[in-house]
Amino acid sequence: MQFPESWLREFCNPPLTTQALADTLTMAGLEVEELRPVAPPFAKVVVGEIKEAVQHPNADRLRVCQVVVGQGALLNIVCGAPNARVGIKVPCALVGAELPPGEDGKPFAIKLGKLRGVESQGMLCSSKELHLADDHGGLLELAADAPVGQDIREHLKLDDTLFTLKLTPNLAHCLSVYGVAREVAALTGAPLKAPSFPAVAATNADIVPVTVTAPDLCGRFTGRVLRGVNPKVSTPAWMVERLARCGQRSVSPLVDISNYVMFELGRPSHIFDLDKIHGALDVRWAKAGETLKLLNGNTVTLDAQVGVIADAQQVESLAGIMGGDATAVSDDTTNIYIEAAFWWPAAIAGRSRRFNFSTDAGHRFERGVDPSTTVDHIERITQLVLDICGTAQSTVGPMDDHIVNLPQAKAVTLRVARAEKIIGMPLSQQQCADALRGLGLPVQEGQGELLVTPPSWRFDLQIEEDLIEEVARMIGYDHLPHTPPKAPIVAKLRDEAQRSAFEVRHALARLGYQETINFSFVEERWEHELAGNPEPIKLLNPIASQMSVMRSSLLGSLLQVLKFNLDRKAPRVRVFELGRVFLRDASVANTDTTVQGFHQPMRVAGLACGPRQTLQWSGGDDAVDFFDVKGDVQALLAPLNPTFERAEHPAMHPGRCARVVIEGQAIGCVGELHPQWRQRYDLSQTPVMFELELDAVLARQVPVFQSVPKHQAVERDMAVIVQESVSHAALMAAIHAAPTGGLLSEAVLFDVYRPKAGSAPGSAGGLQPGEKSLAVRLQLSNEQTTLTEEQIDATVAAVLAELVSALGARQRA
């Protein structure tokens, strides 16, 4: 909200400087976001009147003006403005004046000089040259009664400051100059000048019949008929100036009056062209399919969730948001109907955003506007209309006030002891009572308690904490004590058998992955397709339709990142995320860190797509495959030694997916994206992904000392023929299960052989269809002594026997 300081001080003028006033407001919760002077510094610019304007003898577009500036003699000034004419009063910069800097950033000094051979003793100014507005179409024309020779800063009140407040939604009562003044009076003790609203006597009996069909939409509706107004007059300069300093441009006198009262007192109102209203008005919810052309030119289609004001033929206004074009006032308007109403905040909230626009009226009504002052505010508007647009034929109708359903104030109790605990400083009951009474709140005192009935303009006072906040605001947040923590500060030492999440991030970065951070809200379709989750956790109020559920897997977010990069021709993508997923789990209880019924574990997921290596002279362009990402997972989990088992996952290729197992416990999956989803998401390349439980990744083995072997190890190679279905994990498990007496220290698979397609059965080393040959290198060692041939042969025989027994293997000749 923006307003000039001078307007605020008309209601409450505390003995504070501008900066001190701004600091006081900020420390009371009304954050002053910006202080800006109305005009930049300049001097020696006065009100001048053009007494003569003749054509320049040497230029078609210049005029030579004789200007009086209150110094006795006329000044000869050359001017090129198209509106330079006799009789108007304009700003005149005298010789020696310095105008605000131009585009070059340097002050513009006014000197005595000649233009096309004619001496010019000053400069007549436009609003742009004084940096008052961007309009440079001509001279800034002043009011006819402007005193000649008066300093222009004094005449236009340019030594003023614009306050811009950043208000939280609970401070709706401060969305007006008077509302802010009420706060300033409470904070500083300065007297508040309350506005008066003398009743304008009715001079005709005309009313517009009104029916409030929807009391849950409108609690009070007040209206008045005025006849014989003249909307063709100009809005007074003082009103145009104040509206401009509030950020509102002047439209027409009637519209300006309505906007002026809104900024002054905080109540939006609407003025209808009475002659365009057909019959009685009905305040109701819209009917599905009804349309309305608004004042902004948009035509909107309505439904039963939007409130309207309608007449006998059509909808005329969007309730509490914007008027309709059909009944808008114009220069031809002579009879008007002024409307002021109380709209229930819940009936207005979010309605304008459904039509992709917002208004000052909707902003105020959805936060709450005082329902008790509709009559007073119409009296204020009536008087302004008569003063500005009134004629000898103007007549005023009676006040037509319909009170239907007003909010009932509920008393709130404040416990002084509770206020002390929350604010963190000693407070007396008198301090609390004085703070609340200063805000205009009625207070009843009890033993250690205060009973407060919120006034009609305070929609935010509903619970005890609201009153405690008001006490803290009146004390001033800058006056709250600075209390250092008393708890001992002890460093949180991480278990040696666990690494930090940052180490995991660094490990993945070293493997060539880049971290991404994504929303926990995802599209429901992802959960069904990629996570196999038929009942995802749905949000009650999603921020977007495609972000309606909580994710139970990180893979969907990474695929979205991949799609985004591939659409922008990224040749190689490697990304990962550490994030939380959300699962239903009835066994989870409510604690400080958990929510009943929901398990929220952390996971780490990665995705690789594109060439295995970056472009280089010695490498090829082979695409990354399952084994590359499997190797990355092994490197991430090292020195733990995971095993990989064939598995299925909703997001992954059924034949290229493995379960990651550590010490018999599954901690995640790794595999290629399912071809169905690659086609569905229109991916040009197949990504390989993994997702692991973060707790399992953080675990690590504490290093244990081992002496350097004193005796040389022995290596023996053996090749066995097994069925095609035998996996590497099964082979290693059988080898290490052999009774070797501790002599087998390591086994490595170094060759896999399959016969070529079309070869005769048994011709390729005795392999039959459906078989393969696996070559393994065994490393044998003994810490105590050198191995003998008998020990070596016995160990190899034991391994072979275990392979025959467990896997049905046979030694290859």
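In case you missed it, the structure is sitting above this.
Residues numbered from 1 in each chain as written. Predicted model: local features only at pLDDT ≥ 70, side-chain atom pairs only at ≥ 80, totals over all residues. Heavy atoms only, no water.

*Asks:* Looking at this structure, how should I read the packing of aromatic side chains?
*Replies:* Each pair of aromatic rings is reported with the distance of its centres and the angle of its planes. For the coordinates displayed, the defined rule picks out eleven aromatic pairs. Ring geometry for Phe 342 versus Trp 344: centroids 5.2 Å apart, planes at 65°, classification edge-to-face. Accessibility expressed as a relative area gives 0% for Phe 342, which makes it buried. With 6.0 Å between their ring centres and 20° between their planes, Phe 342 and Phe 459 make a pair best called stacked. Here Phe 342, found in strand β21 (residues 335-343), pairs with Phe 459, found in the loop between β26 (449-452) and α13 (464-475); they are 117 residues apart in sequence, far enough to count as distant. An aromatic cluster is defined as three or more aromatic residues linked by ring pairs; in this entry it consists of Trp 7, Trp 238 and Tyr 260. Here the basic side chain of Arg 505 rests over the ring of Phe 502, its NZ or CZ set 5.4 Å away from the ring centre. (Phe/Tyr/Trp six-rings, centres within 6.5 Å; stacked < 30°, edge-to-face > 60°. Buried < 20%, exposed > 50% of the residue type's maximum accessible area, 1.4 Å probe, protein only. Helix = DSSP H or I, 4+ residues; strand = E, 2+ residues; numbered from the N terminus. Lys NZ or Arg CZ within 6 Å of the ring centre and 35° of its normal.)

*Asks:* Looking at this structure, how should I read helix α10 (residues 374-389)?
*Replies:* For an α-helix the count is 3.6 residues per turn, leaving residues at separations of three or four pointing the same way. Between its first and last C-alpha, α10 extends 21 Å over 16 residues, near the 22 Å set by a 1.5 Å rise per residue. Looking only at α10, the buried set comprises Thr 374, His 377, Ile 378, Glu 379, Ile 381, Thr 382, Leu 384, Val 385, Ile 388 and Cys 389. (Expected span 1.5 Å × (residues − 1).)

*Asks:* Just to check I follow, could you spell out empty space enclosed by the protein for this structure?
*Replies:* Empty space left among the atoms is revealed by rolling a probe the size of a water molecule over them. This structure, assessed with the given rule, holds one cavity of 30 Å³ or more. Contributing to the lining of the largest cavity are Val 522, Trp 526, Glu 527, Leu 530, Ala 531, Ser 553 and Gly 556. When residues of the lining of the largest cavity are assigned to their parent elements, the largest contribution, three residues, is made by helix α15 (residues 524-530). Of the residues assigned to the lining of the largest cavity, the class counts are four nonpolar, two polar and one charged. (1 Å grid on protein atoms, 1.4 Å probe; cavity = no way out; pocket = protein on both sides within 12 Å on 5 of 7 lines; lining within 4 Å. Points joined across faces, edges and corners; volume = space filled by probe spheres on them. Nonpolar A, V, L, I, M, F, W, Y, C, P; charged D, E, K, R; others polar.)

*Asks:* Please explain the sheet that holds strand β11 (residues 161-166) as it appears in this structure.
*Replies:* Strand pairing in a sheet relies on backbone hydrogen bonds. The paired strands run either parallel or antiparallel. One open sheet accounts for three strands, arranged β1-β11-β2; its pairing is antiparallel. Since the sheet does not close on itself, it has two edges, and those belong to β1 (2-4) and β2 (31-37), each with one partner. Pairwise comparison of adjacent strand axes, ignoring direction, gives a mean angle of 25° for this sheet. Looking at chain direction, β2 and β11 are connected through six bridges and run antiparallel. The residue bridging Glu 34 from the neighbouring strand is Thr 164, located in β11. Relative to β2, helix α2 (residues 18-27) is tilted by about 160°, and along the sheet it contacts β2 and β11. (Pairing = 2+ DSSP bridges. Axes fitted to C-alpha atoms, helices over the stretch in contact; angles between N-to-C directions. Contact = heavy atoms within 4.5 Å.)

*Asks:* Got a minute to help me understand the sheet that holds strand β28 (residues 521-522) in this structure?
*Replies:* If you walk across this open sheet you meet the three strands as β28-β30-β29, and the pairing is antiparallel. In this open sheet, the two strands that pair with only one neighbour each are β28 and β29 (537-538). The pairing of β29 with strand β30 (residues 549-550) spans two bridges and is classified as antiparallel. Its bridge partner lying in β30, Lys 538 is registered against Val 549.

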